[in-house]
Amino acid sequence: MPREPDALTSRVPTPRTGQPDPKLTREEFERRYRANFFDPAFDAHGDAIDRLAAVAWEAYDQGRKAPRTQPAGAGFHDPAYQLSDEWRAARDAIRAAEARRQRPDAPHRVLLVCASPRSEHTCPGEMSKTWRLLEAAREAACAAGADCDVLELNRLTSEYGRNIHPCKGCVSTAMPLCHWPCSCYPNHALGQHQDWMNAIYPRWAEAHGVMIVTPVHWNHATSPLKLMMDRLVCADGGNPDPTSTAGKDAARAKRIELDGWNYPQHLAGRAFAVVVHGDVEGAQPVRHALSDWLRGMGLVDAGALSQVDRYVGYYAPYATSHDALDADQALLEESRNAARALVERIAQLRAGQVEAGSQLELPRQK
């Protein structure tokens, strides 16, 4: 177990520093801030914007990342530490979701992730094929008795105020510096707010199984999906107590990890399925990458039928790709089968059937 973080041991590396300072001048800060009010309708409110810009500059200049805090209280390493109200609310929501998941009488809960950024409600003007495949899977999962929660990552492109900010890579400094849930956001000093992940974490926590349906973008996962994936790093070994590292004290976090960290997998034991579709290439590598990522977090695949990678309208015009999907009833049925296999695997796991080797101790942790 980690020792009390008071005196750093000589074997703890000093955090490396020396990158260029990104701090803005007040002039540049206000130029960027005022870009929010580009619409001429704001011109009549210049005085109010001036006052707001001054307040925003002060918060930025003073680094007021979490302006609303309370003492952490009982149950934390440092009860007096000023803990972010927003982080505490996210932690409490995750705990409530986990409690609902663990109820024996709870229905099988499936989180269905629509990973395409395309939507008829913004620039493309047309629904995605991903949505259609997900809808087929949803109908099959519900028919099999599951309670489905659909997470549309296309809301990042089509809905006001939806953001998933990028991972800041805290885990590469030391695993205990990566908090569960993520404490990097919101960062009000940097204007990094309205981060969706605090609402997404409880949806993963409540699920008994997760099914990701995604297209291939340039031989990779889509931008919205990759943002969510990276921000879920805190679920795989993350520190549930930010007070133990005094927030983001890199040296403390390094010492805690080197003194012995157990890398808790906060989402382990859930089942998963993956459906990947492409146009010309990349479907199988993306499916492999997603499956490896989910297994790496301790999730359990739902068997061969739950892992699908296919092409729709191979080297055909994009303009007719929905017509190509109409003709490919087999792919729609494969998506349904993936969902059916997922619900079946959830039932097995909840009945106590575990994966072979799941009780073995890993000689190499993350």
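Below: a short report on this structure. Not measured: the values here are computed from a predicted model.

**Overview of the nonpolar core**
Thinking step 1. Among the nonpolar cores identified, the biggest contains 51 residues, and Leu153, Trp204, Met228, Leu232, Leu290, Trp293 and Leu294 are the most heavily contacted of them.
Thinking step 2. Residue assignment for this core shows that the elements contributing at least two residues are helix 3 (85-102), strand 3 (109-114), helix 6 (197-206), strand 5 (209-215), helix 7 (223-231), helix 8 (250-258), strand 6 (271-278) and helix 9 (283-296).
Thinking step 3. Filtering out sequence-adjacent residues up to four positions away, Trp204 remains in contact with Leu111, Val210, Met228, Leu232, Leu267, Arg270, Trp293, Leu294, Met297 and Leu299.
Thinking step 4. With 29 residues, the next largest nonpolar core counts Leu133, Ala136, Ala273 and Leu331 among its residues.

**A look at the side chain of Ser128**
Thinking step 1. Note on placement: Ser128 falls in the loop between strand 3 and helix 4 (129-143).
Thinking step 2. Take Ser128: its relative accessible area is 2%, and that puts it in the buried class.
Thinking step 3. Within the structure, Ser128 has its side chain in polar contact with the backbone nitrogen of Trp131 (distance 3.0 Å).
Thinking step 4. With residues near it in sequence (within four places) discarded, Ser128 still touches Cys114, Ser116, Arg118 and His322.

**With respect to the packing of helix 1 (residues 26-34) against helix 2 (residues 46-62)**
Thinking step 1. Between helix 1 and helix 2, the shortest axis-to-axis distance is 10 Å and the interhelical angle comes to 125 degrees. When the interaxial angle is binned, helix 1 and helix 2 end up oblique. Relative to helix 2, helix 1 is oriented so that their crossing is right-handed. Of the residues in helix 2, those touching helix 1 at Arg26, Phe29, Glu30, Tyr33 and Arg34 are Ile49, Asp50, Leu52, Ala53, Ala54, Ala56, Trp57 and Tyr60.

**A few points about the side chain of Gln307**
Thinking step 1. Position of Gln307 relative to the elements: it lies in strand 8 (residues 307-311).
Thinking step 2. For Gln307, a relative accessible area of 13% gives the class buried.
Thinking step 3. Within the structure, the side chain of Gln307 is placed 2.4 Å from the side chain of Ser291, a separation counted as a polar contact.
Thinking step 4. At 2.8 Å, the side chain of Gln307 forms a polar contact with the side chain of Ser306.
Thinking step 5. Sequence-distant contacts of Gln307, that is, excluding residues within four places in its chain, are made with Phe272, Ala273, Val274, Arg287, Ser291, Arg295 and Asp301.

**Regarding the packing of aromatic side chains**
Note on aromatic pairs: each is described by the distance of the centres and the angle between the planes.
Thinking step 1. Summed over the entire model, instances satisfying the criterion amount to 11 aromatic pairs.
Thinking step 2. Look at Trp204 and Trp293: their rings are 5.9 Å apart centre to centre, the planes differ by 65 degrees, and that puts the pair in the edge-to-face class. One end of the pair, Trp204, is in helix 6; the other, Trp293, is in helix 9, and 89 residues separate them in sequence. Trp293 carries the same exposure label as Trp204, and that label is buried.
Thinking step 3. Ring-pair connections join several aromatic residues into one group, and the members of that group are Phe29, Tyr33, Phe37, Phe42, Trp57 and Tyr60.
Thinking step 4. One residue, Lys168, lies across the ring of Tyr185, its end atom 4.7 Å from the ring centre.

**Some words on helix 9**
Thinking step 1. An ideal rise of 1.5 Å per residue puts 20 Å on 14 residues; helix 9 measures up with 20 Å between its terminal C-alpha atoms.
Thinking step 2. Among the residues of helix 9, those classed as buried are Ala283, Val286, Arg287, Leu290, Ser291, Trp293 and Leu294. Down the axis of helix 9, the sector holding all buried residues measures 160 degrees, keeping them to one side. In helix 9, those exposed residues whose orientation departs by more than 90 degrees from the buried face are Pro285 and Asp292.
Thinking step 3. The secondary structure elements touched by the buried residues of helix 9 are helix 6, strand 5, helix 7, strand 6 and strand 8.
Thinking step 4. Looking one or two places after helix 9, you find Gly298, whose phi comes out positive at around 95 degrees.

About the cut-offs
- Residues numbered from 1 in each chain as written.
- Predicted model: local features only at pLDDT ≥ 70, side-chain atom pairs only at ≥ 80, totals over all residues.
- Heavy atoms only, no water.
- Core = buried A, V, L, I, M, F, W, Y, C linked by side-chain atoms within 4.5 Å.
- Buried < 20%, exposed > 50% of the residue type's maximum accessible area, 1.4 Å probe, protein only.
- Helix = DSSP H or I, 4+ residues; strand = E, 2+ residues; numbered from the N terminus.
- Contact = heavy atoms within 4.5 Å.
- Polar contact = N/O pair within 3.5 Å; in protein donor to acceptor, adjacent residues only side chain to side chain.
- Axes fitted to C-alpha atoms, helices over the stretch in contact; angles between N-to-C directions.
- Parallel < 35°, antiparallel > 145°, perpendicular 65-115°, else oblique.
- Left-handed = near helix turned anticlockwise from the far one by under 90°.
- Phe/Tyr/Trp six-rings, centres within 6.5 Å; stacked < 30°, edge-to-face > 60°.
- Lys NZ or Arg CZ within 6 Å of the ring centre and 35° of its normal.
- Expected span 1.5 Å × (residues − 1).
- Arc of directions from axis to C-beta.

Coordinates in, geometry out; function isn't part of it.
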